[in-house]
Amino acid sequence: MQTQISSQKQPVILQVLPEMRSGGVERGTIEIARAIVRAGGVALVASSGGPMVSQVAACGARHIALPLKTKNPLHIWRNGRRLAGVISQYKVQIIHARSRAPAWSAWFAAKTAGCHFMTTFHGTYGLGNKWKRKYNSVMTKGERVIAISHFIAEHIQKNYTIDPHRLRIIPRGVDLKLFNPFGHSPQRMIELAKQWRLPDELPLILFPGRITRWKGQHVFIKALAALSHRHFFAIIIGDDKGHENYRMKLEKQIMKLGLGEHVRIARHTSYVTEAYMLAKLVVATSVEPEAFGRVVLEAQAIGRPVIATDHGGPKETVIPDVTGWLVAPGNVQQLSDCIAHALALDDAALQAMSEKAYLHARQFSIEKMCTQTLDVYKELL
């Protein structure tokens with residue numbers, strides 16, 4: 001990202017999203033903001049705020065607090081006027097929207113203030129009735145529309161009217177400096193193992209991801225219960241904010257199925273690399289399609305074989321029987337059989353998969369994602 005975005009002095013690019021709390025959208029926003037700054041541009045991020053705002057400043061960008069989380073039509077229109085003011089004040093050349101409600105405000109603002117408007121389509125969104133489809137359609141109004149996977153690009157073309165010349169496919173990137181088997185801290189691994197009370201004699205199966213029903217933790221627990229043995233220890237790790245009831249149901253399910261000594265739910269940890277390093281196997285089997293699925297690639301970048309679901313983004317990032325396995329969504333027995341197969345592999349077979357997974361993940365770097373996104377900015381400028 002040493003190349004300049006344009007020959008124009010310090011192009012100004014504004015990204016808009018609902019909030020800076022957690023998740024792939026927020027992480028992608030920060031990564032692109034950092035790339036803009038490194039390429040000689042001015043990076044602005046507008047949102048309603050959140051814990052990740054400090055990371056915006058840390059990468060050299062500026063955060064502008066606006067109530068963009070709202071879905072109220074009147075407030076969306078007001079936010080459009082506020083964003084138009086931001087565009088004029090900072091001489092913004094491109095406004096880049098990453099979510100639907102802020103995208104409507106950004107679209108209004110771009111038309112009012114006269115700047116380029118583009119979007120990144122981060123998910124399938126619920127299609128519902130014609131009004132819901134109309135609401136979603138703002139994500140296709142960009143002069144350029146970035147799809148984060150081939151799966152999302154196909155979804156856009158199937159369900160919306162869009163000139164394919166405006167569509168760009170840019171897969172999400174993985175931070176290969178953070179997610180690699182050589183960058184972990186042994187001390188942190190020890191701390192995490194103690195915190196989770198991991199038994200030394202049992203292989204660890206890790207299920208990372210937000211605690212929410214569509215991620216499929218309940219299917220994973222059923223699959224573990226269906227195993228013919230109990231020679232494993234499993235950790236389900238993730239943020240349960242807004243889904244506390246589902247977490248409690250999972251805990252009851254674990255006890256009901258007699259897995260209390262072998263399955264534990266843990267809070268999200270900042271020692272993510274070390275968590276992957278402790279695992280023998282990573283499972284990320286969502287029951288609904290992932291738009292991309294960063295967890296699946298993070299595990300492979302660390303050199304961990306992964307079991308993912310045979311739909312959505314993971315179909316593009318897992319090489320079956322080479323870097324991991326794909327199973328049918330919601331199929332308890334197939335998932336159980338796959339886990340049993342993975343646990344039964346000898347060290348040599350696992351090491352071979354680990355090396356192939358590590359090499360495969362190298363093609364999905366943050367640097368590549370950022371370079372391709374900057375190239376889209378260059379097209380508009």
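Look a little higher up for the structure.
None of the values given here were measured: they were computed from a predicted structure. (Residues numbered from 1 in each chain as written. Predicted model: local features only at pLDDT ≥ 70, side-chain atom pairs only at ≥ 80, totals over all residues. Heavy atoms only, no water.)

Trainee: Explain the overall build of the chain here, please?
Mentor: Looking only at helices and strands, one finds 15 helices and 13 strands in the chain. The C-alpha atoms of the chain give 22 Å as radius of gyration, which agrees with the globular expectation for 381 residues (21 Å, within 12%). Overall, the C-alpha framework of the chain stretches about 65 × 45 × 35 Å when taken along its three principal axes. Looking at the 381 residues of the chain, the share that counts as buried comes to 54%. Within the chain, counting contacts between residues at least 6 apart in sequence, those at least 24 apart form 70% of the total. Counting every atom, the chain has about 16,900 Å² of accessible surface; 52% of that belongs to carbon and sulfur. Charge separation in the chain, taken as the distance between the mean sites of 49 positive and 29 negative side-chain charges, equals 11 Å. (Helix = DSSP H or I, 4+ residues; strand = E, 2+ residues; numbered from the N terminus. Rg over C-alpha atoms; globule rule 2.2 N^0.38 Å. Buried < 20%, exposed > 50% of the residue type's maximum accessible area, 1.4 Å probe, protein only. Contact = heavy atoms within 4.5 Å. Areas by Shrake-Rupley, 256 points an atom, 1.4 Å probe, with all protein chains shown as cover. Lys, Arg positive; Asp, Glu negative; His and termini not counted. Charge placed at Lys NZ, Arg CZ, Asp CG, Glu CD.)

Trainee: Where do I start with the packing of aromatic side chains in this structure?
Mentor: Where two aromatic rings form a pair, the distance of their centres and the angle of their planes describe that pair. Following the criterion strictly, the structure yields 9 aromatic pairs and no others. For the pair Phe 179 and Tyr 276, a centre-to-centre distance of 6.0 Å together with 70° between the ring planes defines the contact as edge-to-face. Of this pair, Phe 179 sits in the loop between β7 (167-169) and α7 (186-196) while Tyr 276 is found in helix α10 (residues 272-278), placing the two residues 97 residues apart along the sequence. The same class applies to Phe 179 as to Tyr 276, namely buried. Taken together through their ring pairs, the aromatic side chains of Trp 104, Trp 107 and Phe 108 make up a single cluster. Above the ring of Trp 107, the side-chain terminus of Lys 141 is found at 4.6 Å from the ring centroid. (Phe/Tyr/Trp six-rings, centres within 6.5 Å; stacked < 30°, edge-to-face > 60°. Lys NZ or Arg CZ within 6 Å of the ring centre and 35° of its normal.)

Trainee: Please clarify how the pairing of strand β2 (residues 42-47) should be interpreted in this entry.
Mentor: The two faces of the sheet receive side chains in turn, since in a regular strand these alternate between them. Summarising burial for β2: 5 of the 6 residues are buried, a large majority. Note: strand β1 (residues 12-16) against β2, 5 bridges, orientation parallel. Counted as the bridge partner of Leu 14 is Leu 44 from β2. After leaving β1, the chain enters helix α1 (residues 24-38) and then returns to the sheet as β2, a path that is right-handed. Where β2 meets strand β3 (residues 62-65), 4 bridges bridge the pair, whose relative direction is parallel. Note that in β3 the partner of Val 45 across the bridge is His 63. Handedness of the crossover is the feature at issue here: the chain leaves β2, passes through helix α2 (residues 53-58), returns alongside β3, and the resulting connection is right-handed. (Pairing = 2+ DSSP bridges. Right-handed = clockwise from strand over helix to strand, strands pointing away.)

Trainee: Help me out: how do you make sense of the sheet that holds β7 in this one?
Mentor: A sheet is described by the order of its strands in space; here 7 strands give the open sequence β3-β2-β1-β4-β5-β6-β7, paired in parallel fashion. A strand with exactly one partner marks an edge of an open sheet, and here the two such strands are β3 and β7. Between one strand axis and the next, the sheet turns by 25° as a mean value, whatever way the strands run. Where strand β6 (residues 145-147) meets β7, 3 bridges bridge the pair, whose relative direction is parallel. (Axes fitted to C-alpha atoms, helices over the stretch in contact; angles between N-to-C directions.)

Trainee: When you look at the nonpolar core in this model, what are you seeing that I'm missing?
Mentor: For soluble globular proteins, nonpolar side chains are generally found buried alongside one another. If you look at the biggest cluster of nonpolar residues, it comprises 71 residues, and the most contacted ones within it are Leu 14, Val 16, Leu 83, Ile 95, Trp 196, Leu 206 and Ile 235. When residues of this core are assigned to their parent elements, the largest contribution, 6 residues, is made by helix α4 (residues 100-113). If near-sequence neighbours (up to four positions away) are discounted, Trp 196 is found in contact with Leu 204, Leu 206, Phe 233, Ile 235, Ile 237, Arg 264, Ala 266, Thr 269, Ala 275 and Leu 278. In terms of nonpolar packing, the next biggest core, distinct from the first, is built from 31 residues, Ile 211, Ile 265, Trp 325 and Ala 342 among them. (Core = buried A, V, L, I, M, F, W, Y, C linked by side-chain atoms within 4.5 Å.)

Trainee: Explanation requested: the environment of Glu 367 in the structure shown.
Mentor: The residue Glu 367 is located in helix α15 (residues 366-380) in this model. The partly exposed category is assigned to Glu 367, whose relative accessible area is 36%. Along the primary structure Glu 367 and Ile 32 are separated by 335 residues, whereas in three dimensions their C-alpha atoms are 9.6 Å apart.

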